[in-house]
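Observations on the model geometry
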Number of protein chains: 2
Amino acid sequence: MSFRHIIAIMKKRNKTKFVILGLLTIAPLSGYGIKSLIDKSITYFWSESNGQIYPTLNLLLKEKLIILKERQSVGKKIRNIYTITKQGTIELKKWLNTLAEKNIHRDETLLKLFFGGASSIKESIKHLQTRKKEIEKNLKNYHLIQKMIQTQEDSPHNIYWLICLRNGLISAKADLKWCKESIKTLEEHKQ
Amino acid sequence: MSFRHIIAIMKKRNKTKFVILGLLTIAPLSGYGIKSLIDKSITYFWSESNGQIYPTLNLLLKEKLIILKERQSVGKKIRNIYTITKQGTIELKKWLNTLAEKNIHRDETLLKLFFGGASSIKESIKHLQTRKKEIEKNLKNYHLIQKMIQTQEDSPHNIYWLICLRNGLISAKADLKWCKESIKTLEEHKQ
DNA sequence: GATTACATGTAAGTTGTTACATGATTAA
DNA sequence: TTAATCATGTAACAACTTACATGTAATC
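Predicted model, so just to flag it, every value in this text is computed and none were measured. Within any chain, residue numbers begin from 1 and follow the written order of that chain's sequence. Each chain gets a letter, beginning with A, and each ligand a number, beginning with 1, in the order they are written. Reporting in this predicted model follows two pLDDT cut-offs: at least 70 for local features of residues, and 80 or more for side-chain atom pairs to be given and counted; totals over whole chains, interfaces and linings ignore these cut-offs and use all residues. As a rule here, side-chain values cover all heavy atoms of the structure and leave hydrogens and water aside.

Here we look at the overall build of chain A
How we decide: Each helix is a run of DSSP H or I of at least 4 residues and each strand a run of E of at least 2, with the numbering of both proceeding from the N terminus. This radius of gyration counts C-alpha atoms alone. The globule rule is 2.2 Å times how many residues there are, raised to the power 0.38. Per-residue accessibility, obtained with a 1.4 Å probe over protein chains only, is compared with the maximum for each type, and a residue is labelled buried under 20%, exposed over 50%, and partly exposed between these values. Note on contacts: a residue pair is in contact if any heavy atoms of the two residues lie within 4.5 Å.
Check the secondary structure of chain A and you find 8 helices and 2 strands. Helices and strands appear in chain A in the N-to-C order α-α-α-α-β-β-α-α-α-α. Over its C-alpha atoms chain A spans a radius of gyration of 22 Å, topping by over 25% the 16 Å that the globule rule assigns to 191 residues. Across the 191 residues that make up chain A, the buried fraction comes to 41%. When contacts within chain A are restricted to residue pairs at least 6 apart in sequence, long-range pairs at least 24 apart make up 57% of them.

Structure (structure tokens):
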């Protein structure tokens, strides 16, 4: 036990806090609603689990960054709807205006391809084909989301949502191109 | 405390193990060598910290998937060089031939852009410009790595490394295009 | 009558990073 | 002589997932 262990270790940025605050600027939501919204919208670049959401919700309540707007109780069913507070929007804005940390992305498919020499061309092609299918599925979904955003009434969020969506579209298309090209390269190499 | 907590919870896939095994198929390496090689090669799609590498190295020794090939001792300096065992290559191959888990990628920049409506156009453009600079830096590095691989003698790894590199190049270019386009969109929206 | 969706929450784990300690060697 | 690089390792934490418990309400 040395000195360094006594002094406080650098606080980690709990991003779940800001994801929740951000979503509450769109509409008041329950914990369940937050999880569903994440899975329907930002899931392609961000995800959260219930084990993160519910405890964070209580933390935010304690810090007065959100408040319980409504507590529905039909029979024994409980439903908590939260709203962001003024202090909450201030904290969110502070974080939004802060430089993003360098994002560390981990891609298991690429890792397996990198070590392809220790396996076989056949297996590597299989990984690429699985990836290809996944991208094609995502692409279809992106198009659906795009229509949904474009047909809804104008909101200050729309421009930002379309930008994020466009990132998904462009990246997916590029990745797809790479898949096709790489499958071809490996197949030619086989002969 | 219920039954579910007594029965073993599903084992997690320790991917650090396979990263190390994979790198040892390229050459015998020390812990330090492994860390350096990761930072010079696969860092764009995979990273590991010393806190993961050294304990895993001892785990792999215990499981006999690697062996201590050489123990250099000049003065008091210690240096452990590890080699992969036959059993190690078998385990690696097993993992390589297994479907990759769906990769969850978390992108803080996109998250901040998604909530841009709670901040300002100016701040959102700033995030995009930071991203743009980062990609441009990466692109330069990709070109350097590409030359390095292409000028070195032919090895069974080359084709796979070039495929991974090409993913970096294609993705980076697509992302850069998106950055430029999005900056323009937001700037036009300002007026 | 069974399944799915709605709804909240936690225990127990795994995974991963950070910030050090320790000390040798090499280059400016 | 100072700084950087080489080299191994760990304590303390933060972050995150999984697999449940425990219900209600709606729908097929």
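Now that the structure has been shown, the text picks up again.
A few points about the relation of the copies chain B and chain A
Just so we agree on the cut-off: Superposition of the copies used a least-squares fit over C-alpha atoms from residues whose pLDDT is at least 70 in both.
With an axial shift of 0.0 Å and an RMSD of 0.0 Å, the rotation relating chain B to chain A amounts to 180°. Each copy turns onto its partner about a two-fold axis. By residue overlap, the copies meet face to face through one surface: 100% of the interface positions of chain B are interface positions in chain A.

Digging into the packing of helix α2 (residues 15-24) of chain B against helix α3 (residues 31-40) of chain B
The relative placement of two packed helices comes down to the angle between their axes together with the axis-to-axis distance. All names here are of chain B. Let me state the cut-off plainly: Axis lines are fitted through C-alpha atoms, for helices just across the contact stretch, and the angle between N-to-C directions can take any value from 0 to 180 degrees. Small angles under 35 degrees read as roughly parallel and large ones over 145 as roughly antiparallel, with 65 to 115 read as roughly perpendicular and the rest as oblique. Put simply, Ala, Val, Leu, Ile, Met, Phe, Trp, Tyr, Cys and Pro go in the nonpolar bin, Asp, Glu, Lys and Arg in the charged bin, and everything else, Gly too, in the polar bin.
Where α2 meets α3, the closest approach of the two axes is 11 Å, and the angle between their N-to-C directions is 90°. By the angle between their directions, the pair α2 and α3 is classed as roughly perpendicular. Residues Val 19, Ile 20 and Leu 23 of α2 lie in contact with α3, whose contacting residues are Ile 34, Leu 37 and Ile 38. Of the residues belonging to the contact of α2 with α3, the class tally is 6 nonpolar, no polar and no charged.

Looking at the packing of aromatic side chains
What counts here: Two rings from Phe, Tyr or Trp (for Trp, the six-membered ring) form a pair when their centres are within 6.5 Å of each other. A pair whose planes differ by under 30 degrees is stacked, one over 60 is edge-to-face, and the rest are tilted.
For the structure shown, the criterion picks out 10 aromatic pairs over all chains. Ring centres of Phe 18 of chain A and Trp 95 of chain A lie 4.8 Å apart, and the angle between their planes is 5°; on these two criteria the pair is classed as stacked. Note that Phe 18 of chain A is positioned in helix α2 (residues 15-24) and Trp 95 of chain A in helix α5 (residues 86-96), a separation of 77 residues in sequence. The same class applies to Phe 18 of chain A as to Trp 95 of chain A, namely buried. Ring geometry for Phe 114 of chain A and Trp 161 of chain B: centres 5.3 Å apart, planes at 10°, overall stacked.

Things to note about the side chain of Asn 158 of chain B
Among the secondary structure elements, Asn 158 of chain B is positioned in helix α8 (residues 158-190). Not counting the four nearest positions on each side in its chain, Asn 158 of chain B is found in contact with Ile 149, Gln 152 and Glu 153 of chain B.

Structural notes on the environment of Arg 131 of chain B
As for its placement among the helices and strands, Arg 131 of chain B is situated in helix α7 (residues 121-151). Separated by 38 residues in the primary sequence, Arg 131 of chain B and Leu 169 of chain B have C-alpha atoms spaced 15 Å apart. Ignoring any residue separated from it by four or fewer positions in sequence, one finds Arg 131 of chain B in contact with Asn 103 and Asn 167 of chain A together with Asp 107, Thr 109, Asp 175, Trp 178 and Cys 179 of chain B.

Brief notes about the interface of chain B and chain A
Selection rule: Reported buried area values correspond to the accessible surface (1.4 Å probe) lost by two parts on association, with both partners' losses combined. A side-chain nitrogen of Lys or Arg and a carboxyl oxygen of Asp or Glu constitute a salt bridge if their distance falls within 4 Å.
With 68 residues of chain B at the interface, the matching set in chain A holds 68 residues. Buried surface at the junction of chain B and chain A, summed over both partners, amounts to about 6700 Å²; 65% is from carbon and sulfur atoms. Three residues, Arg 106, Phe 114 and Tyr 160 of chain B, lead the burial of chain B against chain A; their summed loss comes to 12% of the area buried on that side. Here chain B and chain A share 6 salt bridges between them. The residue Arg 166 of chain B makes a salt bridge to Glu 181 of chain A at a minimum N-O spacing of 2.3 Å. Those elements that place two or more of their residues in the side of chain B that touches chain A are α2, α5 (86-96), α6 (108-114), α7 and α8 of chain B. Broken down by element, the side of chain B that touches chain A gets its largest block of residues, 17 residues, from α8 of chain B. When its residues are assigned to classes, the side of chain B that touches chain A shows 31 nonpolar, 22 polar and 15 charged.

A word on the pattern of salt bridges
All names here are of chain A. Under the counting rule described, the total for this entry stands at 24 salt bridges over all chains. In this structure, the salt-bridge partner of Glu 63 is Lys 17, at a minimum N-O distance of 3.1 Å. Residue Glu 63 is found in the loop between α4 (50-62) and β1 (66-74), and its partner Lys 17 is found in helix α2; the two are separated by 46 residues along the sequence.

A few points about the domain arrangement of chain A
Residue and element names in this part refer to chain A. Condition: Domain limits in this description derive from either an automatic procedure or a database domain assignment. We define a polar contact as two N or O atoms separated by no more than 3.5 Å, with the added condition that, inside protein, one atom must be a possible hydrogen donor and the other a possible acceptor, whereas residues neighbouring each other in sequence contribute only through side-chain atom pairs.
Partitioning chain A into domains gives domain 1 (3-96) and domain 2 (108-190). Of the residues lining the interface, 5 residues belong to domain 1; the matching set on domain 2 comes to 7 residues. Roughly 480 Å² of surface becomes buried between domain 1 and domain 2 when both sides are summed, with 65% attributable to carbon and sulfur atoms. Counting across the domain 1 and domain 2 interface gives 0 salt bridges. Viewed at the interface, domain 2 and domain 1 are joined by 1 residue pair in polar contact (both at pLDDT 80 or more). In the side of domain 1 that touches domain 2, the residues fall into 3 nonpolar, 1 polar and 1 charged.

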